[in-house]
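# Observations on the model geometry
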Amino acid sequence: MLLPSTIQEVKLLFEPNETGVANYMVNVVDTKNKVIVEQWMIHTSASLPVVSKTYDIPISSTLVAVNKNISFTNPYTTTKTFRLKTNKPELVQFKEEELSVPSKESVNIGLVLTPISLAQSNYILVFVNDVDHKCEECFALRIG
């Protein structure tokens, strides 16, 4: 419930799948009366992160998904949890979307490439984020 003449904090999470500039409208709606109480325009700008490693995946004619692994090392001195995302979720899925990685150890990130992603050339980004959604590392998959 919003009280009149008070300050309210609204937390937004911006996780773009594309680079560029975009505007979004955010509305606060009184659900009882079905009217907009407040409205903001959010202006965003997204650029590519630094890609730490690119993996070339040659295409082979297949009608089934293909499993691949890429390596990730936790650079921290403590165990950390990382969340995986991609800019093309329709083309690549993760065997696990969250990884708990011990200090300074390496793990394999299991990827499942869809037959659609293998049927054409694609450039897919894999984001390794911390639990606060900050991008810790970015890998590129070059399919073709």
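Residues numbered from 1 in each chain as written. Predicted model: local features only at pLDDT ≥ 70, side-chain atom pairs only at ≥ 80, totals over all residues. Heavy atoms only, no water.

### Focus on the environment of V131
The condition that has to hold: Helix and strand assignments follow DSSP, with helices taken as H or I runs no shorter than four residues and strands as E runs no shorter than two, numbered in order from the N terminus. Type-normalised accessible area, obtained with a 1.4 Å probe on protein chains alone, sets the label of each residue: buried when under 20%, exposed when over 50%, and partly exposed for intermediate values. Note on contacts: a residue pair is in contact if any heavy atoms of the two residues lie within 4.5 Å.
Here V131 shows up in the loop between strand 9 (122–129) and strand 10 (135–143). Accessibility expressed as a relative area gives 39% for V131, which makes it partly exposed. The spatial distance from the C-alpha of V131 to the C-alpha of V37 is 32 Å, given a sequence separation of 94 residues. Leave out the neighbours within four places in its chain, and V131 touches T81 and R83.

### Comments concerning a nonpolar patch on the surface
For the record, the criterion: Distance thresholds for patches are 9 Å for like charges and 5 Å for nonpolar side chains (Val, Leu, Ile, Met, Phe, Trp, Tyr), applied to residues having over 30% relative accessible area and no salt bridge. Areas reported here follow the Shrake-Rupley algorithm with a probe of radius 1.4 Å; residue values treat only the protein chains shown as occluding. Any carboxyl oxygen of Asp or Glu within 4 Å of a side-chain nitrogen of Lys or Arg constitutes a salt bridge here.
On the surface, a cluster of nonpolar side chains totalling about 290 Å² of accessible area is made up of V10, L12 and W40. Here L12 is to be found in the segment before strand 1 (20–30).

### Let's talk about unusual backbone geometry
With a phi close to 55°, K34 is a non-glycine residue in the positive phi region. Looking at where K34 falls in the secondary structure, it is placed in the loop between strand 1 and strand 2 (35–46). What makes K34 exposed here is its relative accessible area of 69%. The phi angle at K104 is positive, at roughly 60°, despite the residue not being glycine.

### A look at the sheet that holds strand 5 (residues 80–86)
To keep it simple, the criterion reads: What makes two strands pair is DSSP finding at least two bridges between them. In this analysis an axis means a line fitted to C-alpha atoms, helices contributing only their contacting stretch, and an angle means the value between N-to-C directions, from 0 to 180 degrees.
Spatially, five strands are ordered 3-10-9-5-7 in an open sheet, and the strand pairing comes out mixed. The two strands at the open ends of the sheet, each matched to only one other strand, are strand 3 (53–57) and strand 7 (98–101). Taken over all neighbouring pairs, the strand axes of this sheet differ in orientation by 25° on average, direction set aside.

### So, the side chain of N129
Secondary-structure assignment places N129 in strand 9. If near-sequence neighbours (up to four positions away) are discounted, N129 is found in contact with E15, T81, F82, R83, K85, K134, C135 and E136.

Taken by themselves, the reported measurements are silent on function.
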